[in-house]
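Listed below, chain by chain, are the residues.
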2 protein chains.
Amino acid sequence: MTDQSYIQTLRDTGLKVTPQRLSVMRIVLEKPGHFKVEDVYRRIKVSEPTITLATVYNIFKAMTDKGILKSFELDGATWFENNTEVHANLSCENCGKIEDIEIPEIGQLIQKLSNGNYTVRSASIVLKGLCSECTAELSAK
Amino acid sequence: MTDQSYIQTLRDTGLKVTPQRLSVMRIVLEKPGHFKVEDVYRRIKVSEPTITLATVYNIFKAMTDKGILKSFELDGATWFENNTEVHANLSCENCGKIEDIEIPEIGQLIQKLSNGNYTVRSASIVLKGLCSECTAELSAK
DNA sequence: GTACATGCAAATTGTTTGCAAGTAT
DNA sequence: ATACTTGCAAACAATTTGCATGTAC
């Protein structure tokens, strides 16, 4: 991903282009991942010491409102991710990693709800257990 | 539900029977519902003024650990419910109500994950949108 | 020039902790 | 008798707010 594409995304969604937003985007849009505000803030602060936590909060909120990111809550904190498709996030109680699980059927089930008696605008599916790696490792013994 | 059944539940799960726990159970096990610690605390405090928020937190944690309740996070707070089956909670952005949605297939999908490459110990499915009532009302116009 | 974004400090909200005193078993 | 539970106050973590200054468009 290039800065040009980030700038395009901001323009497309009606957000102004600022160095702070580009800094955040370089971290959270570079590759699939899960991010906490505090962590991203600390990473950016190294090269841009004037940035504040409140600004990073603002940026995450703006990007989520515009559909660039998706958020979910886990253990008292908000996480952000660039995978905006309906999917499950599995939090591994062994290694701490968060793993995306694509479950195409779930997207369809939720779609079906929206065609029925409900209106569904967002879905957060958070699982706790063991990721694929830890499941394999611990059942191997 | 009777106090006797609550006492039984506590004994069965290895929790001691205390007046504070019974007070909480009378509220959260009486009928299907969704509860925040703070709200339950305030309701109990009327008749038992010595109870503290920390105690109510303790009780919810103990009951959830024992599988009597289930929890999920929504808009920065933890909610508890007595429906311990896998289901979705839909938070209505119009009326504020939280509605249970039973989706039998989802339980099976998650079961399937657990039989596959993952180990799933808990699942939290939180939807935002419009509840059945508000969906009907707003599409009627 | 105007509306939007940032930086900063302080406030707020939800939750946890440590510990002494009390109580269930 | 012992381990668990409660009450209380204080601490903590995550997030939000208000406002002056700064910047994108």
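Fair warning: this is a prediction, and the values are worked out from it, not measured in the lab.

Chemist: Would you take a moment to explain the domain arrangement of chain A for this structure?
Modeler: A common way to express how large an interface is: the accessible area buried when the components associate. All names here are of chain A. Here chain A is partitioned into domain 1 (1-84) and domain 2 (85-141). Between the C-alpha centres of domain 1 and domain 2 there is a distance of 22 Å. If you look at the interface, domain 1 gives 10 residues, while domain 2 gives 12 residues. The junction of domain 1 with domain 2 conceals about 950 Å² of combined surface from both sides, 49% of it contributed by carbon and sulfur atoms.

Chemist: For this particular structure, what's the right way to read the pairing of strand E3 (residues 77-81) of chain B?
Modeler: Regular strands have side chains that alternate between both faces of the sheet. All names here are of chain B. In this structure, strand E1 (residues 34-36) lies alongside E3, joined through three bridges in antiparallel fashion. Along E3, the bridge assignment pairs histidine 34 with glutamate 81. Relative to E3, strand E2 (residues 70-74) runs antiparallel, the two sharing five bridges. If you follow glutamate 73 over to E3, its bridge partner there is threonine 78.

Chemist: Explain the relation of the copies chain B and chain A to me, please; I cannot follow it from the model alone.
Modeler: Note on the chain copies: they are related by a rotation about an axis and a translation along it. With an RMSD of 0.1 Å, the fit of chain B onto chain A corresponds to turning through 180 degrees and sliding 0.0 Å along the axis. The transformation just described matches what one would write down for a two-fold rotation axis. When C-alpha distances to the rotation axis are compared across chain B, the minimum falls at Ile125(B), with a value of 2.2 Å. Take the interface residues of chain B: 100% of them recur as interface residues in chain A, which is what a same-surface contact looks like.

Chemist: Would you mind showing me how to read the protein's contact with DNA strand C here?
Modeler: Surveying the vicinity of DNA strand C reveals 21 residues, the closest of which are Thr18(A), Gln20(A), Arg21(A), Tyr57(B) and Thr78(B). The sugar-phosphate backbone supplies 79% of the atoms of DNA strand C found within 4 Å of the protein. Between DNA strand C and Thr18(A), the relevant distance is 2.8 Å, taken from a phosphate oxygen to a side-chain nitrogen or oxygen of the residue. Contact between DNA strand C and Tyr57(B): a phosphate oxygen at 2.8 Å from a side-chain N or O atom of the residue. Only helix H2 (19-28) and helix H4 (53-65) of chain A together with helix H4 (53-65) and E3 of chain B provide two or more residues apiece to the surface near DNA strand C. At four residues, H4(A) tops the list of elements feeding residues into the surface near DNA strand C. Of the residues that constitute the surface near DNA strand C, the class distribution is nine nonpolar, eight polar and four charged.

Chemist: Sorry, what's going on with the sheet that holds strand E4 (residues 88-92) of chain A here?
Modeler: Within a sheet, neighbouring strands are paired by backbone hydrogen bonds and run either parallel or antiparallel to one another. Within the open sheet, the six strands sit side by side as E5(A)-E4(A)-E6(A)-E6(B)-E4(B)-E5(B). Their pairing is mixed. This sheet does not close on itself; its edge strands, each paired only once, are strand E5 (98-101) of chain A together with strand E5 (98-101) of chain B. Direction aside, neighbouring strands of the sheet carry axes that sit 25 degrees apart on average. One ladder, built from four bridges, connects E4(A) with E5(A); its direction is antiparallel. Among the inter-strand pairings, Leu90(A) is bridged to a residue of E5(A), identified as Glu99(A). Together, strand E6 (119-130) of chain A together with E5 and strand E6 (119-130) of chain B form the strand contacts of helix H5 (residues 104-115) of chain A, whose direction differs from that of E6(A) by roughly 145 degrees. Together, E5 and E6 of chain A together with E6 of chain B form the strand contacts of helix H5 (residues 104-115) of chain B, whose direction differs from that of E6(B) by roughly 145 degrees.

Chemist: Could you clarify how one ought to interpret the sheet that holds strand E2 (residues 70-74) of chain A in this entry?
Modeler: Residue and element names in this part refer to chain A. As summarised here, the arrangement of the three strands in space is E1-E3-E2, forming an open sheet in which the pairing is antiparallel. With one partner strand each, in any of the chains shown, strand E1 (34-36) and E2 form the two edges of the open sheet. This sheet shows a mean twist of 35 degrees between the axes of neighbouring strands, independent of strand direction. Packing of helix H3 (residues 37-47) onto the sheet brings it into contact with E1 and strand E3 (77-81), and relative to E1 it is tilted by some 80 degrees.

Chemist: Can you walk me through the packing of H2(A) against H3(A) in this structure?
Modeler: Residues and elements named next belong to chain A. Two elements in contact, H2 and H3, have axes whose closest approach is 10 Å; the angle formed by their N-to-C orientations is 115 degrees. In terms of crossing hand, the pair formed by H2 and H3 is right-handed. Along the contact surface, H2 presents Ser23, Val24, Ile27 and Val28, while H3 presents Val40, Arg43 and Ile44. Of the residues assigned to the contact of H2 with H3, the class counts are five nonpolar, one polar and one charged.

Reading the values: rules and limits
- Residues numbered from 1 in each chain as written.
- Chains lettered and ligands numbered in written order.
- Predicted model: local features only at pLDDT ≥ 70, side-chain atom pairs only at ≥ 80, totals over all residues.
- Heavy atoms only, no water.
- Domains from an automatic or database assignment.
- Contact = heavy atoms within 4.5 Å.
- Buried area = accessible area lost by both parts, 1.4 Å probe.
- Pairing = 2+ DSSP bridges.
- Helix = DSSP H or I, 4+ residues; strand = E, 2+ residues; numbered from the N terminus.
- Least-squares fit on C-alpha atoms with pLDDT ≥ 70 in both.
- Near = heavy atom within 4 Å.
- Polar contact = N/O pair within 3.5 Å; in protein donor to acceptor, adjacent residues only side chain to side chain.
- Nonpolar A, V, L, I, M, F, W, Y, C, P; charged D, E, K, R; others polar.
- Axes fitted to C-alpha atoms, helices over the stretch in contact; angles between N-to-C directions.
- Left-handed = near helix turned anticlockwise from the far one by under 90°.

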